[in-house]
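# Observations on the model geometry
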Amino acid sequence: DTAVSQTPKYLVTQMGNDKSIKCEQNLGHDTMYWYKQDSKKFLKIMFSYNNKELIINETVPNRFSPKSPDKAHLNLHINSLELGDSAVYFCASSPRQRRSSYNEQFFGPGTRLTVL
Amino acid sequence: LAKTTQPISMDSYEGQEVNITCSHNNIATNDYITWYQQFPSQGPRFIIQGYKTKVTNEVASLFIPADRKSSTLSLPRVSLSDTAVYYCLVGGPNTGFQKLVFGTGTRLLVSP
């Protein structure tokens, strides 16, 4: 019944490794997002997709690559992990987010990534 | 994007009304004010959104003065379960609702 789900919930890995975080939503939404929340709890948007099309790509290292196989899924792949990548990553979805009107976002439970 | 300023933390007791104020001095004419709530170890959850005067729903009220340079989220009769971080976001059609920015939020601690 979970609306927005993420796997895994916890991810501990070594520097230099490549890892992926998966996100799925069963709400029928068109827009999905990835956010990063650092140790100071600052929540920053990374990417946003509208129906599989990338619409927001904030200043994020190109080691981070989102992939949307269909509009219900938005996965995040991270290459060559660094210590500074340690954070909680949240996936979210909303009805089609338009420039001119707001649709609330529904967040997943988060994935806590720890890079050693 | 309009920058927002909120208190870092607030303390309250069960049953009290809590008012969290957010300053947004350079809010644009078309900007809306949106509040999210985040419980520990969970993702944020939408609470309320408003443009001017007062908006009320089953969870909270949002008060916006005429100059719109600040807004106040009001939580009536808080309980322990209202302990969370509350984020104020400002944005609108001109800046793009897709890019609402979360700040550092206000950490509310409700005690018995």
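Everything here concerns the structure above.
Only a predicted model underlies this, so the values are computations on that prediction, with no experimental measurement involved. (Residues numbered from 1 in each chain as written. Chains lettered and ligands numbered in written order. Predicted model: local features only at pLDDT ≥ 70, side-chain atom pairs only at ≥ 80, totals over all residues. Heavy atoms only, no water.)

Residues and elements named next belong to chain B. Pairing is antiparallel in the open sheet, where 4 strands are placed in the order S2-S7-S6-S5. The strands lining the two open edges of the sheet, one partner per strand, are strand S2 (18-23) and strand S5 (53-56). Adjacent strand axes in the sheet meet at a mean angle of 15° when their direction is disregarded. Sheet analysis places S2 next to strand S7 (residues 70-75), joined by 6 bridges and oriented antiparallel. Paired with Cys22 across the two strands is Ser71, which belongs to S7. (Pairing = 2+ DSSP bridges. Helix = DSSP H or I, 4+ residues; strand = E, 2+ residues; numbered from the N terminus. Axes fitted to C-alpha atoms, helices over the stretch in contact; angles between N-to-C directions.)

Bringing the pattern of salt bridges into the picture now. Residues and elements named next belong to chain A. All chains considered together, the criterion is met by 3 salt bridges over all chains. Between Lys71 and Asp30 there is a salt bridge, with its nearest N and O atoms 2.9 Å apart. Taken together, the positions of Lys71 in the loop between strand S7 (64-70) and strand S8 (73-78) and Asp30 in the loop between strand S3 (19-25) and strand S4 (31-37) put the pair 41 residues apart, joining distant regions of the chain. On the accessibility criterion, Lys71 (34% relative accessible area) is partly exposed. Taking the relative accessible area as the measure of exposure, Asp30 reaches 22% and is therefore partly exposed. Through salt bridges with shared partners, one network takes in Arg63, Glu82 and Asp85. (Salt bridge = Lys/Arg side-chain N within 4 Å of Asp/Glu carboxyl O. Buried < 20%, exposed > 50% of the residue type's maximum accessible area, 1.4 Å probe, protein only.)

Glancing now at the state of the cysteines. Under the criterion given, the structure shown has 2 disulfides over all chains. One disulfide in the model links Cys23 of chain A with Cys91 of chain A; its S-S distance is 1.8 Å. Looking down the S-S bond of the Cys23 of chain A and Cys91 of chain A bridge, the torsion is -75°, so its handedness is left-handed. Of this pair, Cys23 of chain A sits in strand S3 while Cys91 of chain A sits in strand S9 (residues 87-94), placing them 68 residues apart in sequence. The pair Cys23 of chain A / Cys91 of chain A is uniform in exposure class, with both members buried. The disulfide bridge from Cys22 of chain B ends at Cys88 of chain B, spanning 2.2 Å between sulfur atoms. Here the S-S torsion is close to -80°, and the disulfide linking Cys22 of chain B with Cys88 of chain B is therefore left-handed. Here Cys88 of chain B lies in strand S8 (residues 84-91) and Cys22 of chain B lies in strand S2, a separation of 66 residues in the sequence. On the accessibility criterion, Cys22 of chain B (0% relative accessible area) is buried. (Disulfide = S-S within 2.5 Å.)

Residues and elements named next belong to chain A. If you trace the 4 strands from one edge of the open sheet to the other, you get S1-S3-S8-S7, paired in antiparallel fashion. Pairing within the sheet leaves two strands with one partner each, and these edge strands are strand S1 (4-7) and S7. The average angle at which neighbouring strand axes cross in this sheet is 20°, direction not considered. With 5 bridges connecting them, S7 and S8 associate as antiparallel partners. For Phe64, the partnering residue across the bridge sits in S8 and is Ile78.

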